[in-house]
Amino acid sequence: MPLFAVICRDNPGQLQTRLDTRDAHLAFLKAQPGLRMAGPLLEDGEMRGSLLIVEFDDLAAAQDWAAGDPYKAAGLFQSSEVIEWKKVIG
């Protein structure tokens, strides 16, 4: 099954939105059996985005799943991209 990288950048100055929505976001992630890896992107030691590696049948399924992220619903993301990813090392 293919892997996909979900790369999201936060809107500037939205750390509190991220913190307020974090529990719902983590519950969303934990409910996805295809989640392989996840964590925040950091700038100057502050969370300012997300990187997720997920396994789905196709790009459309990965995009549909990513669209349901509570962070996205809260308006946290300035940009969000889902792209097929190939694991080479690790």
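The protein chain carries the name YciI family protein in an unreviewed UniProt entry, which gives Paracoccus shanxieyensis as its organism. The annotation that UniProt attaches to the protein chain under Sequence similarities (unreviewed entry) is "Belongs to the YciI family."

Undergrad: Residue-level account of the overall build of the protein chain, with values.
TA: From N to C terminus, the protein chain includes three helices and four strands. Along the protein chain, helices (α) and strands (β) appear in the sequence β-α-β-β-α-α-β when read from the amino end. Taking 12 Å as the expected radius of gyration for a compact globule of 90 residues, we find that the protein chain reaches 13 Å, a close match to that expectation. Counting only C-alpha atoms, the protein chain reaches 35 × 25 × 20 Å along its principal axes.

Undergrad: Which residues make up the nonpolar core, and what are the values?
TA: Ranked by size, the top nonpolar core spans 15 residues in total, and within it Phe4, Val6, Val54, Phe56, Trp65 and Val82 carry the most contacts. Within the residue set of this core, elements represented by two or more residues are strand S1 (3–10), helix H1 (15–30), strand S3 (46–55), helix H2 (59–67) and strand S4 (77–85). Residue contacts for Trp65: discarding those within four places in its chain leaves Val6, Phe28, Leu29, Gln32, Leu52, Val54 and Phe56.

Undergrad: An account of the packing of aromatic side chains is needed here, citing residue identities and associated values.
TA: As enumerated under the stated definition, the model contains three aromatic pairs in all. Ring plane angle 15° and centroid distance 4.8 Å describe the contact between Phe28 and Trp65, whose orientation is recorded as stacked. Of this pair, Phe28 sits in helix H1 while Trp65 sits in helix H2, placing them 37 residues apart in sequence. Side by side, Phe28 and Trp65 carry an identical accessibility label, which is buried. Relative to Phe77, the ring of Tyr71 lies with its centre 6.0 Å away and its plane at 90°, an arrangement referred to as edge-to-face. Residue Tyr71 shares its accessibility class with Phe77, and that shared class is buried. Three or more aromatic residues link up through ring pairs in this structure, and these residues are Phe28, Phe56 and Trp65.

Definitions and limits used
Residues numbered from 1 in each chain as written. Predicted model: local features only at pLDDT ≥ 70, side-chain atom pairs only at ≥ 80, totals over all residues. Heavy atoms only, no water. UniProt positions renumbered as here; feature names shortened; annotations may be inferred. Helix = DSSP H or I, 4+ residues; strand = E, 2+ residues; numbered from the N terminus. Rg over C-alpha atoms; globule rule 2.2 N^0.38 Å. Core = buried A, V, L, I, M, F, W, Y, C linked by side-chain atoms within 4.5 Å. Buried < 20%, exposed > 50% of the residue type's maximum accessible area, 1.4 Å probe, protein only. Contact = heavy atoms within 4.5 Å. Phe/Tyr/Trp six-rings, centres within 6.5 Å; stacked < 30°, edge-to-face > 60°.

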